[in-house]
Amino acid sequence: MTMILSFNEFKKSEYSRNPHFLVIGNPIGHSLSPLMHQAALDFHDINAQYHAVDLAQADITDFIGWLNRDEFLGCNITIPYKNQFIKVVDHIDSYSSEAGVINTIAKSDHKLIGHNTDIHGFTSPLLQYIDQIEGGRVIVFGTGGAAKAVKIGLEDLGVEEIIFVSRTPEKSNLNSDHIWVETVSYDQWQSYADETSMFVNTTPLGMSPNIGRSPISEFDGKLLGKKICYDLIYNPIQTKFLKQADEFGAITINGLDMLIMQGNRSFEIWTGKTFPLDRIKKLLINTLK
Ligand code: NAP
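Owing to the predicted nature of the structure, the values given are computational and were not obtained by experimental measurement.

A. Examining helix H7 (residues 145-156) more closely. Relative to the 16 Å expected for 12 residues at 1.5 Å per residue, H7 spans 17 Å between its end C-alpha atoms, a close match to the ideal helical length. Looking at the buried side of H7, the elements it contacts are helix H4 (94-99), helix H5 (118-123), strand E8 (137-141), strand E9 (161-165) and strand E11 (196-201). Within two residues after H7, Gly158 carries a phi angle of roughly 90°, on the positive side.

Take a look at the structure:
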């Protein structure tokens, strides 16, 4: 059984005295991580539990002390704390140092190691399309935290040009030493669409409960035709953006595989084992339905 508790409730509970992994965030009620990770722990018969902890800003110092406990085995970090814990760990992996963000803490020889598994999660479903993507141009809607991970992932896949689309392109701080990066407005991206191999939605437009929204207007839907269209949103599984893409014969990818593969990478770092992927995908699809 997985629980969502405040940090104080968690500390007082019996769960805190047993080996545990956590996901921390605020709010955290929407997280599917406990479901995925507990299923994987049970599948491998690992004696540990995975809990969601709703962490208030005021409890952060207290929580940092908790990381040294023997019962604490590792954690995932989500909004709004992804930027904050990079300063707390002893070492970070190369993806975290590039992104300036960690979403996973692991322990090794009593040291805390920060990892960023979102980048691996994002690129995993794209490996089968590498021939279409490598050396080409990608248009990315949104310039927030996920867009930063997407940029590093696309660089890794050999993309040569990224056009970010923003409501305020003049404020964008997304750039690259390796490839061509430009940020344009919602009135400008259309002129780049022809030569683009993939479109990625990193905005929350279309996310439940606002499922009628999309970064693409009805009029521009035809520009997605025959391209790869990737929406990071996983709830709903088929967003309006992906429906528009589908209508014009695009290849569509939803955010579920990214969610599963970032979790799988964290699990692998902690336990040396991998998720039972089919089982976990079925579990999530049933839950989201
Ligand atoms: P974020 O930091 O808030 O960034 C979202 C960006 O979208 C903003 O920077 C903004 O860019 C744009 N945006 C926000 N509201 C908008 C609106 N009303 N209209 C148009 N653009 C808007 O959030 P994030 O952490 O990057 O997450 C973004 C999405 O990715 C969420 O839906 C999240 O659930 C999803 N996600 C999925 C996974 C996964 O595993 N599948 C992982 C991470 C994130 P501009 O200000 O430049 O317009």
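Anyway, onward from the coordinates.
B. Local environment of helix H2 (residues 33-43). All buried positions along H2 are accounted for by Ser33, Pro34, Met36, His37, Gln38, Ala40 and Leu41. Packing partners of the buried residues in H2 comprise strand E2 (20-25), strand E3 (49-54), strand E4 (72-77), helix H9 (256-271) and helix H10 (277-288). After H2 finishes, the residue Asp45 shows a positive phi value of roughly 60°.

C. Quick peek at the pattern of salt bridges. For the structure on display, the rule yields 7 salt bridges. Between Lys151 and Glu155 there is a salt bridge, with its nearest N and O atoms 3.6 Å apart. One end of the pair is Lys151 and the other is Glu155, both in helix H7 and 4 residues apart, which spans about a single turn. Of the two residues, Lys151 and Glu155, neither departs from the other in class, the shared state being buried. Of the charged contacts in the structure, one is a salt bridge between Asp257 and Lys281, with a shortest N-O distance of 3.0 Å. Of this pair, Asp257 sits in helix H9 while Lys281 sits in helix H10, placing them 24 residues apart in sequence.

D. Quick peek at the site of the ligand. Lining the immediate surroundings of the ligand are 20 residues, of which Thr143, Ala146, Ser166, Thr202 and Leu232 lie closest. Between Ala146 and the ligand, the recorded distance is 2.7 Å, taken from a backbone N or O atom to an oxygen atom. In this structure, Leu232 approaches the ligand through a main-chain N or O atom, which is 2.8 Å from a nitrogen atom. Of all the elements in the fold, those that place two or more residues in the shell around the ligand are H7 and H9.

E. Representation of the nonpolar core. Membership of the largest hydrophobic core comes to 23 residues, with the highest contact counts inside it found for Phe122, Leu154 and Val200. Put simply, the parts of the chain that give this core at least two residues each are E8, H7, E9, E11 and strand E12 (228-231). Considering each element in turn, this core owes the most residues, 3 residues, to H7. Excluding its chain neighbours within four sequence positions, the residues that come into contact with Val200 are Phe122, Val138, Ile139, Val140, Phe141, Val150, Tyr230 and Leu232. Counting residues in each nonpolar core, the second largest holds 22 residues, with Leu22, Leu67, Tyr81 and Ile86 among its members.

F. Main features of the domain arrangement of the chain. Along its sequence, the chain is organised into domain 1 (4-116 + 258-288) and domain 2 (120-254). Each of domain 1 and domain 2 has a C-alpha centre, and the two are 28 Å apart. Facing 11 residues of domain 1, the contacting portion of domain 2 comprises 14 residues. A combined buried area of about 1300 Å² lies between domain 1 and domain 2, and 69% of that area is made up of carbon and sulfur atoms. On the domain 1 side of the interface with domain 2, the three residues burying the most area are Tyr95, Met258 and Leu288, jointly 45% of the side's total. Counting across the domain 1 and domain 2 interface gives 0 salt bridges. The interface formed by domain 1 and domain 2 includes 1 residue pair in polar contact (both at pLDDT 80 or more). Mapped by element, the contributors of at least two residues to the side of domain 1 that touches domain 2 are H4, H9 and H10. Sorting elements by how many residues they give to the side of domain 1 that touches domain 2 places H9 first, with 5 residues.

Quick notes on the rules
- Residues numbered from 1 in each chain as written.
- Predicted model: local features only at pLDDT ≥ 70, side-chain atom pairs only at ≥ 80, totals over all residues.
- Heavy atoms only, no water.
- Helix = DSSP H or I, 4+ residues; strand = E, 2+ residues; numbered from the N terminus.
- Expected span 1.5 Å × (residues − 1).
- Contact = heavy atoms within 4.5 Å.
- Buried < 20%, exposed > 50% of the residue type's maximum accessible area, 1.4 Å probe, protein only.
- Salt bridge = Lys/Arg side-chain N within 4 Å of Asp/Glu carboxyl O.
- Near = heavy atom within 4 Å.
- Polar contact = N/O pair within 3.5 Å; in protein donor to acceptor, adjacent residues only side chain to side chain.
- Core = buried A, V, L, I, M, F, W, Y, C linked by side-chain atoms within 4.5 Å.
- Domains from an automatic or database assignment.
- Buried area = accessible area lost by both parts, 1.4 Å probe.

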